[in-house]
Amino acid sequence: MTLPAGTPVNPDLLAVNGLQKYFPVKGSRRVVHAVEDVTFRLRHGETLGVVGESGCGKSTLGRVILRLLRPTAGQIRLDGRDLLGLSPRELRMARRDMQLIFQDVYASLDKRQKVGSIIEEPLKVHGIGNRKERRDRGIELLEMVGLDSSAAALYPHEFSGGQRQRIGIARAIALSPKLVVADEPISALDVSIQSQILNLLVDLRKQLGLSYLFISHDMTVVEHICNRVAVMYLGQIVETAPVEDLYSSPRHPYTRALLAAIPRLDHPGQRTQRPLLNGEPPNPENPPPGCRFHTRCPSVMEICRNVSPDEFSVGAEEGFHGVRCHLYGD
Ligand code: SF4
């Protein structure tokens, strides 16, 4: 079969295998098991949603993949390159290909710099273009994210929350990255402008061929923007599937509970009749043995208390649907 011109030979942009990140607890021998044995693929041009409750490790996962944090164990390959085997210089070059969109964009923007110089800064750091070329590129980026070129001469505090997120996005795409990790990019914004930012992200993905790792606690948003979804619980991915499959046939009891918590559109004040989650997630310093979800699972069995489940394939019309749960074992 002949691939169309421009199709990458390797369909996977990002390949993560057995990723683990532990944080030592200050003044003790204990560690926080933030990310545990995470394996997944992200294809070129795809948006993979990573969902889960606050504290499940999804933001840490994003930062480890971007090499802002060093993993405790595992492998990360970006476009075939081993990100953990790079020299400092090679890593600096690789950073052009992967960028972060922050949740708290205001905190991430230097309030003393004008917007033009904030957006041009990544170009400057990487020695790209002369002063005029960088300025022209800055204007182009502002227009790409729906802002007027006059924004370049203003300071971040002169913009609304949505406009600031547009500035953050312009900065993130300045170096034409391949991978963008968007960490709760709309959760700090007014509901009225959330969909505008989501639509901008979708447009930029098509226009620039970006791939997103889209981190969110909001199942509705993830359904709107993602091609596939990975559900995280206490540092582990417990279910992964194409978005249609996950929302129409969720298999893991935790995924079912998350979906059950989405308000019903026909009765906005109500939620669905399926069971909701009981209790709080266990302390990640001391995760439960066996299945990590067993302390809250309505379907818990004896085996769940001692044996950690493998990931089982449960089939999907298109793509892989995997579930980490003994209910689906042989
Ligand atoms: Fe529930 Fe057992 Fe499945 Fe864990 S392995 S989700 S405890 S049924």
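Quantities reported herein were computed from a predicted structural model and do not represent experimental measurements.

What counts, and where the lines are drawn
Residues numbered from 1 in each chain as written. Predicted model: local features only at pLDDT ≥ 70, side-chain atom pairs only at ≥ 80, totals over all residues. Heavy atoms only, no water. Helix = DSSP H or I, 4+ residues; strand = E, 2+ residues; numbered from the N terminus. Expected span 1.5 Å × (residues − 1). Buried < 20%, exposed > 50% of the residue type's maximum accessible area, 1.4 Å probe, protein only. Contact = heavy atoms within 4.5 Å. Axes fitted to C-alpha atoms, helices over the stretch in contact; angles between N-to-C directions. Parallel < 35°, antiparallel > 145°, perpendicular 65-115°, else oblique. Left-handed = near helix turned anticlockwise from the far one by under 90°. Nonpolar A, V, L, I, M, F, W, Y, C, P; charged D, E, K, R; others polar. Pairing = 2+ DSSP bridges. Near = heavy atom within 4 Å. Salt bridge = Lys/Arg side-chain N within 4 Å of Asp/Glu carboxyl O. Phe/Tyr/Trp six-rings, centres within 6.5 Å; stacked < 30°, edge-to-face > 60°. Lys NZ or Arg CZ within 6 Å of the ring centre and 35° of its normal. Core = buried A, V, L, I, M, F, W, Y, C linked by side-chain atoms within 4.5 Å.

Student: I would appreciate a short explanation of helix α6 (residues 161-173) in the present structure.
Tutor: Structural remark: α-helix, 3.6 residues per turn; residues separated by three or four positions point the same way. Helix length check: α6, at 13 residues, gives a terminal C-alpha distance of 19 Å against a target of 18 Å (1.5 Å per residue), a fit within 8%. Within α6, 11 of the 13 residues are buried, which leaves it mostly tucked inside the rest of the structure. Those residues of α6 not exposed but buried are Gly-162, Arg-164, Gln-165, Arg-166, Ile-167, Gly-168, Ile-169, Ala-170, Arg-171, Ala-172 and Ile-173. Buried residues along α6 sit against β6 (98-101), α3 (105-108), α4 (115-125), α5 (131-144) and α7 (191-208).

Student: What exactly am I supposed to notice about the packing of α4 against α6 here?
Tutor: Describing two packed helices takes the angle between their axes plus the distance from one axis to the other. Across the interface, α4 lies against α6 with an axial gap of 7 Å and an inter-helix angle of 30 degrees. Our classification of the angle between α4 and α6 gives roughly parallel. The two elements α4 and α6 cross, and the hand of that crossing is right-handed. Across from Val-115, Ile-118, Ile-119 and Pro-122 in α4, the residues of α6 making contact are Ile-167, Ala-170 and Arg-171. Classifying every residue of the contact of α4 with α6 gives 6 nonpolar, no polar and 1 charged.

Student: Just checking my understanding: could you explain the sheet that holds strand β3 (residues 47-51) for this structure?
Tutor: Sheets are built from strands paired through backbone hydrogen bonds, the pairs being either parallel or antiparallel. In spatial order, the strands read β6-β7-β8-β3-β9-β10-β12-β11; together these 8 strands make up an open sheet with mixed pairing. Each having just a single partner strand, β6 and β11 (311-313) make up the two edges of the open sheet. Pairs of neighbouring strands in the sheet enclose a mean axial angle of 20 degrees, with direction left out of account. Where β11 meets strand β12 (residues 322-324), 3 bridges bridge the pair, whose relative direction is antiparallel. Considered in β12, the bridge of Phe-312 is made with Val-323. Set on the sheet, helix α1 (residues 58-65) makes contact with β3, β6, β7 (179-183), β8 (211-216) and β9 (228-233); between it and β8 the angle comes to about 150 degrees. Helix α10 (residues 253-260) contacts β9 and β10 (236-242) of the sheet and is inclined by roughly 105 degrees relative to β9.

Student: Could you clarify how one ought to interpret the sheet that holds strand β4 (residues 73-78) in this entry?
Tutor: Taken in spatial order, the 4 strands of this open sheet run β2-β1-β4-β5, and their pairing is antiparallel. Unpaired on one side and paired on the other, β2 (31-43) and β5 (81-82) mark the two borders of the sheet. Sheet topology places strand β1 (residues 12-24) next to β2; 9 bridges connect them, and they run antiparallel. The partner of Lys-21 across the bridge, within β2, is Val-35. Against the sheet, α1 makes contact with β1, β2 and β4, and its axis sits at roughly 115 degrees relative to β1, the strand it touches most.

Student: It is not clear to me how the site of the ligand should be interpreted in this structure. Could you clarify?
Tutor: Every residue near the ligand is listed here: His-252, Pro-253, Cys-291, Phe-293, His-294, Cys-297, Ser-299, Cys-304, Cys-325, His-326 and Leu-327. Class assignment for the residues of the shell around the ligand results in 7 nonpolar, 4 polar and no charged.

Student: What is the right way to look at the pattern of salt bridges in this model?
Tutor: Where side chains of opposite charge bring their charged atoms close, a pairing between them can arise. According to the stated counting rule, one finds 14 salt bridges in the structure shown. Arg-41 is the partner of Asp-12 in a salt bridge, and the nearest nitrogen-oxygen pair spans 3.7 Å. In this pair, Asp-12 is assigned in strand β1 and Arg-41 in strand β2, connecting sequence segments 29 residues apart. Salt-bridge contacts for Glu-302 lead to Arg-305; the nearest nitrogen and oxygen are separated by 3.6 Å. Residue class for Glu-302 comes out exposed when judged on its relative accessible area of 57%. If you follow the salt bridges from partner to partner, you end up with Asp-79, Arg-81, Asp-97 and Lys-178 in one network.

Student: Please explain the packing of aromatic side chains as it appears in this structure.
Tutor: For the structure shown, the criterion picks out 3 aromatic pairs. Ring centres 4.9 Å apart and planes at 80 degrees place the aromatic pair Tyr-233 and Phe-293 in the edge-to-face group. In this pair, Tyr-233 sits in strand β9 while Phe-293 sits in the loop between α10 and β11, placing the two residues 60 residues apart along the sequence. Three or more aromatic residues joined by ring pairs form one cluster here, namely Tyr-233, Tyr-254 and Phe-293. Above the ring of Tyr-106, the side-chain terminus of Lys-111 is found at 4.8 Å from the ring centroid. In this structure, Arg-164 is placed above the aromatic ring of Tyr-106, and the distance from its NZ or CZ to the ring centre is 4.0 Å.

Student: Honestly, the nonpolar core in this entry has me stumped. Any pointers?
Tutor: Among soluble globular proteins, nonpolar side chains are generally buried collectively. Ranked by size, the top nonpolar core spans 54 residues in total, and within it Leu-204 and Phe-214 carry the most contacts. Element by element, the count of residues in this core is highest for α7, at 6 residues. Contact partners of Leu-204, with chain neighbours within four places excluded, come to Met-144, Val-145, Ile-169, Ile-173, Gly-209, Leu-210 and Tyr-212. Of all hydrophobic cores here, the second largest spans 32 residues; its members include Leu-48, Leu-91, Leu-100 and Ile-237.

Student: Help me understand the environment of Leu-100, please; the structure alone is not making it clear to me.
Tutor: Inspection of the secondary structure assignment puts Leu-100 in strand β6. Not counting residues within four places of it along the chain, the set of residues in contact with Leu-100 comprises Arg-63, Leu-66, Leu-68, Ala-172, Val-181 and Asp-183.

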